[in-house]
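The primary structure of each chain is shown beneath.
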Amino acid sequence: VQLQASGGGLVQAGGSLRLSCAASGRTFISYVMGWFRQAPGKEREFVGGINWSGGSTYYADAVTGRFTISRDNAKNTVYLQMNSLKPEDTAVYYCAAAPAPPLSSYYPRRIGEYDYWGQGTQVTVSS
């Protein structure tokens, strides 16, 4: 599967952005979708994920309550709604796909669990 992330930009602290990640292929529901981010000089870190149906989401503590992940399987697209943005949210954001059978309970958080990655989109939050 190929992933294309978009929607990044420059926003003031307290503002919002919505990232999108469009996937190619006809087996979108066979993947858990995740979002990661990488700030300058730091390791890539898990932001959040969503199961095959969109019925379950899970997040890193740093973004819980501010970020929301959703997916539209008819459009092969996953979204990351980011509210109450902080300067420390500044990073390149990546979407990723981890193979998982539909109906499975699988909530990957590690980079190595994801097989496919988008190219990244820059999010910059000014103070």
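Here the structure is a predicted model, which means the values were calculated and not measured.

**Remarks on the state of the cysteines**
So, step 1. All told, the structure shown has 1 disulfide when counted by the stated rule.
So, step 2. Paired through a disulfide, Cys21 and Cys95 show a sulfur-sulfur distance of 2.1 Å. Between Cys21 and Cys95 the sulfur-sulfur dihedral comes to about 65 degrees; the bridge is accordingly right-handed. Within this pair, whereas Cys21 is found in strand β3 (residues 17-23), its partner Cys95 is found in strand β9 (residues 91-99), the two being separated by 74 residues in sequence. Grouping residues by exposure puts Cys21 and Cys95 together as buried.

**Examining the sheet that holds strand β1 (residues 3-6)**
So, step 1. Strand order across the open sheet formed by 4 strands is β1-β3-β8-β7, with antiparallel pairing between neighbours. Pairing within the sheet leaves two strands with one partner each, and these edge strands are β1 and β7 (67-72). On average, each strand axis in the sheet is inclined to that of its neighbour by 15 degrees, with strand direction left out of account.
So, step 2. Strand direction decides the pairing type here: β7 and strand β8 (residues 77-82), joined by 6 bridges, are antiparallel. Looking across to β8, one finds that Ile69 is bridged to Leu80.

**Comments concerning the packing of aromatic side chains**
So, step 1. This model, assessed by the stated rule, comprises 7 aromatic pairs.
So, step 2. Plain terms: the ring middles of Tyr31 and Tyr116 are 5.8 Å apart, the flat faces sit at 85 degrees to each other, and that makes the pair edge-to-face. Highlighted residues: Tyr31 in strand β4 (residues 31-38) and Tyr116 in strand β10 (residues 116-117), separated in sequence by 85 residues.
So, step 3. Residue classification places Tyr31 among the buried residues on the basis of a relative accessible area of 11%.
So, step 4. A centroid spacing of 5.3 Å and a plane angle of 80 degrees characterise the contact between Tyr58 and Tyr107, whose relative ring orientation is edge-to-face. Residue Tyr58 is located in strand β6 (residues 57-59), and its partner Tyr107 is located in the loop between β9 and β10; the two are separated by 49 residues in the primary sequence.
So, step 5. For Tyr58, a relative accessible area of 8% translates into the label buried.
So, step 6. What makes Tyr107 partly exposed here is its relative accessible area of 39%.

Quick notes on the rules
Residues numbered from 1 in each chain as written. Predicted model: local features only at pLDDT ≥ 70, side-chain atom pairs only at ≥ 80, totals over all residues. Heavy atoms only, no water. Disulfide = S-S within 2.5 Å. Helix = DSSP H or I, 4+ residues; strand = E, 2+ residues; numbered from the N terminus. Buried < 20%, exposed > 50% of the residue type's maximum accessible area, 1.4 Å probe, protein only. Pairing = 2+ DSSP bridges. Axes fitted to C-alpha atoms, helices over the stretch in contact; angles between N-to-C directions. Phe/Tyr/Trp six-rings, centres within 6.5 Å; stacked < 30°, edge-to-face > 60°.

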